[in-house]
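As a plain string of letters, each chain reads:
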Amino acid sequence: MATRTPHRASTSTPTTAIRSTLLSRSAPSIPPASQLYEPLIKGVLRHRLYKIFLQSALSCWALTTLWMTWRKGGLLGWGMDALFLPVMPSTLGFAVVIFLAGALPVVVLRKSHLVAAPTPATSPSTILSGALQKRSTAHALFVYLNSSLSLLFLHVLITGAYDTNAPANTRLTLFVKSRKHPYYLNGHLLYVLSSQIMVGVACLLRCVLLDRFAVRWTRILNSHASEKMKSFGLARVVTVGLTTLVYTLLITLVQLLTFALARSVLLPVLFQIPFVHHFLRPFAAHFLRGAWTITLLTRHWSLISRAFYLALTNVGIWEFSESSFDAIVAEPIAVAQQTADPGLTLVSGLTSSDAYLKHFAYAELQGFSTDDSPSAADRRTALFIDQKFNPGLWSTLARESLLTLGRDYQLLLRRGKPATNTAAPPVAHSKPSAPLPTQGTPLIRTKVYKPAQTSPLHAAFDTFASDGPLAAAVTETAEAGASHIPELFRSVMPSSPQAKVDAALESVKKAEENVAAAVNQAGSKWSQGVSGALAACLPKGAARSVSRIQGWWTRERIHRVAETSLPNRYMDALAAEVLSRLVCASLTEDRYGVVQRDIPRIIEALLSFLTALEEYQAELNVSYTLPPPDQLQKLSPREVADKEMLAMEAARAGEVLGVVSDAIKDGIVQVVRTFGDKLSAFKFPPHIARKLQGFVDYN
């Protein structure tokens with residue numbers, strides 16, 4: 001008997017999916033500079049700020065020791081105590097107070113308003129007018145005046161404490177000691193007070209004209225040359241000392257002239273004004289009965305010298321503090337070696353929105369690209385083949401560098417002028433073609449189905465609905481009324497609320513432009529009227545001097561135009577060198593050819609920038625080159641001096657252009673020498689190929 005195989009019932013067991021170890025999420029982006037690079041660089045800058053404070057305090061301590069020694073008759077007046085004078089508690093205490101009143105506010109002011117690029121101005125008048133529109137100028141005026149008056153108050157305290165045997169007329173009290181006129185103001189105090197105010201205003205003017213809030217970058221930007229940048233060297237001390245002495249002498253001369261005019265001209269005029277002389281007479285009547293102003297110079301020489309030494313101390317403290325600040329804030333900083341991935345840190349620094357911090361990232365990246373050690377080659381290889389981030393490290397580096405060069409290239413083509421917003425041309429809409437004639441089919445516009453019976457209540461609701469008979473009647477009535485409005489009034493009716501807003505904004509903008517134009521026109525007319533009146537009243541020699549001063553004040557400087565066209569020239573030079581060095585290193589260190597695809601556009605960007613720089617240099621050579629000696633002999637001495645001055649400014653402009661052009665030339669030469677005949681594998685535009693061929697033939 002045959003056995004049957006039992007039939008197995010089918011089971012419905014679910015199938016388990018095979019789990020994959022691959023990650024489905026996309027690669028993260030590069031951390032922003034505010035999270036990775038900027039905290040490191042700000043920590044180093046914080047320590048450098050303490051270094052500036054220390055150097056400023058040392059200068060205040062040295063000046064305090066010098067003046068206290070001089071007030072006691074020199075070293076002989078102190079005797080053996082002169083050895084302990086620098087460390088005496090009184091000397092240290094006065095040095096600390098002078099530092100807090102004189103140096104500390106100026107350093108904090110410079111730190112608060114520090115900028116990486118200079119002010120885009122081409123003449124002293126535009127520099128001053130641009131500075132008056134900034135908040136930093138008002139802050140600086142307050143700081144300088146507050147510091148100078150604080151040092152004056154400290155000087156009065158020191159004089160009262162140490163000069164106990166000084167005559168009563170030399171003490172800087174508020175009122176003179178007189179029983180008959182107890183409220184007469186002390187002229188000595190007024191002179192020293194006006195001198196300190198003049199010092200504050202003059203130092204502010206110098207700060208504005210020199211654009212001292214901008215960083216003074218130099219060509220020494222890598223960490224290997226940091227030893228050459230002595231932040232407080234002997235040469236800088238001598239330079240600051242001579243500058244302080246000369247500038248204080250000029251301030252004193254201006255102060256003497258201003259005080260003489262105020263006493264001889266302004267004060268008598270004020271006493272002639274009704275009701276004003278009643279207020280001034282109890283306080284300043286004795287100034288009108290004094291000696292001639294010219295004789296006061298010899299009779300009060302001790303007061304003038306006292307104000308001069310006080311101004312010299314004031315200017316010296318500020319100059320030493322600000323020169324120390326200028327030297328330290330421009331020194332290179334290396335922070336990437338302290339992190340686990342230096343390449344990631346530096347590329348993150350390139351994305352910073354702060355141009356000052358971004359400059360340090362480029363300076364450190366320059367050393368990263370030029371280092372020949374095996375460890376540096378491994379770090380560059382890791383940067384080239386990075387796939388952990390999207391976009392990668394090299395893509396971000398190339399993109400940020402090319403954008404930096406591109407923005408400054410466009411600014412150079414505009415010669416430093418802001419970009420004009422040109423409106424896009426209107427899109428031309430093609431007219432629809434005429435439809436072909438066809439046989440029209442009549443449409444049935446009546447209801448096909450019989451309407452259902454509705455209740456009276458439902459019909460009442462339909463009447464007041466948005467699409468009911470009542471709303472339709474109102475709409476038809478409004479349209480009929482609008483159709484009867486004359487075309488004259490209909491043309492000024494806005495089509496929508498947005499049109500009302502746009503029309504209002506346009507009218508406000510036109511009104512602002514008209515007001516600004518009227519103010520500028522009135523200012524120009526007023527200045528022309530004053531110039532004409534001065535030219536008519538003054539002698540010819542004086543009028544000629546005034547016109548020369550006015551021309552100096554308003555004339556555009558050729559080198560300032562070049563600086564305005566290349567405000568970030570040192571950063572551009574660093575970016576060009578970094579790109580060229582990394583391109584050269586990619587020939588042996590780029591395993592997968594990531595850099596090769598970007599070489600054509602990098603070389604094109606560099607050569608385009610170089611072409612624009614050379615064209616600018618050619619314009620300078622054609623316009624401002626000195627004529628031959630035989631032609632110079634035919635000109636007047638004044639014209640020869642003007643041409644020599646323009647040639648000197650053109651030479652300085654050439655130095656400004658050379659910062660970027662020299663870096664680009666060196667970079668292209670390195671690329672040509674490294675790649676050689678391999679450059680023929682890349683495709684370039686014809687003008688770029690011709691420019692590159694010149695470098696190939698030269699090398």
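All figures in this text were calculated on a predicted structure; none of them were measured in a lab. (Residues numbered from 1 in each chain as written. Predicted model: local features only at pLDDT ≥ 70, side-chain atom pairs only at ≥ 80, totals over all residues. Heavy atoms only, no water.)

> Got a minute to help me understand the nonpolar core in this structure?
Side chains of a nonpolar character, in soluble globular proteins, are inclined to be buried together. One finds Tyr144, Tyr356, Trp394, Leu397, Ile603, Ile664 and Ile668 to be the most contacted residues of the largest nonpolar core, which totals 119 residues. If you tally residues by element for this core, the top one is helix H24 (residues 637–675), at 12 residues. Setting aside residues up to four positions removed in sequence, Leu397 forms contacts with Val347, Leu350, Leu365, Leu383, Val578, Leu579 and Leu582. Ranked by size, the runner-up nonpolar core spans nine residues in total, among them Leu152, Leu189, Tyr191 and Ala307. (Core = buried A, V, L, I, M, F, W, Y, C linked by side-chain atoms within 4.5 Å. Buried < 20%, exposed > 50% of the residue type's maximum accessible area, 1.4 Å probe, protein only. Helix = DSSP H or I, 4+ residues; strand = E, 2+ residues; numbered from the N terminus. Contact = heavy atoms within 4.5 Å.)

> What should I look at first to understand the confidence of the model for the protein chain in this one?
Do not read the predicted coordinates in detail wherever pLDDT is low. Summing up the model confidence of the protein chain, the mean pLDDT is 79 and the portion of residues at 70 or higher is 71%. Across residues 221–231, where pLDDT falls below 50, the model places 24 contacts with residues more than four positions away in sequence or in other chains. (pLDDT = per-residue confidence, 0-100.)

> Explain unusual backbone geometry here, please?
The omega torsion across Asn390 and Pro391 is 0 degrees, close enough to zero to call that bond cis. Looking at the element boundaries, Pro391 is found in the loop between helix H13 (374–384) and helix H14 (393–413). The phi dihedral of Asp211 is positive, around 55 degrees, even though this residue is not glycine. Secondary-structure assignment places Asp211 in the loop between helix H6 (187–209) and helix H7 (234–271). Taking the relative accessible area as the measure of exposure, Asp211 reaches 10% and is therefore buried. The backbone phi angle of Arg415 is positive, close to 55 degrees, even though this residue is not glycine. Following the sequence through the fold, Arg415 ends up in the loop between H14 and helix H15 (456–463).

> What should I look at first to understand the packing of helix H4 (residues 124–132) against H6 in this one?
Each pair of packed helices can be summarised by the angle the axes make with each other and by the distance between the axes. Between H4 and H6, the least distance of the axes is 9 Å, while the angle of their chain directions is 110 degrees. The orientation of H4 relative to H6 falls into the category roughly perpendicular. Contacts between H4 and H6 pair Pro124, Ile127, Leu128 and Ala131 from the former with Leu205, Val208 and Leu209 from the latter. Per-class residue counts for the contact of H4 with H6 are seven nonpolar, no polar and no charged. (Axes fitted to C-alpha atoms, helices over the stretch in contact; angles between N-to-C directions. Parallel < 35°, antiparallel > 145°, perpendicular 65-115°, else oblique. Nonpolar A, V, L, I, M, F, W, Y, C, P; charged D, E, K, R; others polar.)

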